[in-house]
Amino acid sequence: MPELPEVEYVARQLRATLPGRRITGAEVRWARSIQGMEPAEFVAGVTGRTVTAIGRRAKYLLLTLDDGRLLIAHRRMSGNLLLCGQGQEAPPYTRVALDLDDGRRLYYTDPRKFGRLTLAWLDALPPALAELGPEPLEAAFTPTALAERLAGSRRAIKAALLDQRVIAGLGNIYADEALFRAGIHPLRSAGSLTGAEIRRLRDGIQGALTTGIAHGGTTFGRHRDLYDEAGSNLEHVEVYRRTGQPCVRCGTPIERVTVTQRGTHYCPRCQPA
Ligand SMILES: [Zn+2]
């Protein structure tokens, strides 16, 4: 499932090529990929519009159109955006296709069909977007800001990190990586972290995310970038899906527990209970 780094990487690729391009047509092949409106309304809403900017919020990709509306893409389990040249065949599992004025096509592919595209005005964002917590790579995400989000919480810290209202954009991979970097056991109660631990956790979150972006994201399933390339961050993760393998710091075998139904990977020595 794409998390912040996988979405951010594709946002950067789109930013390098898409602004200024006009959408000359659109095709919806799977109606339920479009959320909150009929496919025909979506097609009419994007056709003739020029993309003016590319943004990201949490795991949502945001394309600003020249009428001020946002085209919002939430890739969920298996969605990808693929940019193909003129004359190239539509990729497998294409759900939505946008024609660009230079002959290229931007495809939304999604084998499992959980992802959604929609159009929204800035002052009427879908509730899931309006309720998101702070962006962890922004300067405002200080240890103090993180401490405020976690204060009084008795939940396991791993569960708190997965809650998009607490922090935006973290999922299972980067939450595990961040906790390892910080030396914090995933079942520690979120409100019990000391000031020093909070500081390490903030640094761990930012470090895990920026490492992921630098490697084009983590691909063990469906994540592909804009040009259908896999990310290489799986070669750089320190605990995620490394159960039984030696810890990169101390050699102790990595263990796995389940936290809120998610497989959670940690080093029992570097992250003591
Ligand atoms: Zn260790």
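Residues numbered from 1 in each chain as written. Predicted model: local features only at pLDDT ≥ 70, side-chain atom pairs only at ≥ 80, totals over all residues.

> Is there a simple way to think about the domain arrangement of the protein in this case?
How big an interface is tends to be reported as the loss of accessible area on association of its parts. Assigned domains within the protein: domain 1 (4–127) and domain 2 (143–266). For domain 1 versus domain 2, the distance between C-alpha centres works out to 28 Å. If you look at the interface, domain 1 gives 17 residues, while domain 2 gives 19 residues. Listed by contribution, the elements that provide at least two residues to the side of domain 1 that touches domain 2 are helix 1 (4–15) and strand 5 (80–84). In terms of residue count, helix 1 provides more of the side of domain 1 that touches domain 2 than any other element does, eight residues in total. Taken together, the residues of the side of domain 1 that touches domain 2 sort by class into ten nonpolar, three polar and four charged. (Domains from an automatic or database assignment. Contact = placed C-beta atoms within 7 Å. Helix = DSSP H or I, 4+ residues; strand = E, 2+ residues; numbered from the N terminus. Nonpolar A, V, L, I, M, F, W, Y, C, P; charged D, E, K, R; others polar.)

> Teacher, can you tell me more about the packing of helix 1 against helix 7 (residues 195–214) here?
In a pair of packed helices, the angle between the axes and the distance between the axes together describe the arrangement. Where helix 1 contacts helix 7, the two axes come as close as 8 Å, and the packing angle between them is 45°. Between helix 1 and helix 7, the interaxial angle falls into the category oblique. Between helix 1 and helix 7 lies a crossing whose hand is right-handed. The residues of helix 7 that touch helix 1, namely those facing Leu4, Pro5, Glu8 and Tyr9, are Leu209, Gly212 and Ile213. Tallied by class, residues from the contact of helix 1 with helix 7 come to five nonpolar, one polar and one charged. (Axes fitted to C-alpha atoms, helices over the stretch in contact; angles between N-to-C directions. Parallel < 35°, antiparallel > 145°, perpendicular 65-115°, else oblique. Left-handed = near helix turned anticlockwise from the far one by under 90°.)

> Explain the packing of helix 6 (residues 172–182) against helix 7 here, please?
It is at 7 Å that the axes of helix 6 and helix 7 come closest, and there the two elements cross at 130°. Considered as vectors, helix 6 and helix 7 are oriented oblique to each other. Along this stretch, helix 6 crosses helix 7, giving a crossing that reads as right-handed. Of the residues in helix 7, those in contact with Tyr174, Glu177, Ala178, Leu179, Arg181 and Ala182 of helix 6 are Glu197, Arg200, Leu201, Gly204, Ile205, Gly207, Ala208, Leu209 and Gly212. Of the residues contributing to the contact of helix 6 with helix 7, the split by class is eight nonpolar, three polar and four charged.

> Explain the sheet that holds strand 2 (residues 51–57) to me, please; I cannot follow it from the model alone.
Backbone hydrogen bonds hold the strands of a sheet together, and the pairing may be parallel or antiparallel. Reading across from one edge, 2-3-4-8 is the order of the four strands in this open sheet, with antiparallel pairing throughout. Looking along the sheet, the strands with just one partner apiece sit at the ends: strand 2 and strand 8 (116–121). Direction aside, neighbouring strands of the sheet carry axes that sit 25° apart on average. Two elements, strand 3 (residues 60–65) and strand 4 (residues 69–74), share five bridges in a ladder whose sense is antiparallel. Of the residues in strand 4, the one forming a bridge with Leu62 is Ile72. Packed onto the sheet, helix 1 meets strand 2 and strand 3 and runs at close to 165° relative to strand 2. (Pairing = 2+ DSSP bridges.)

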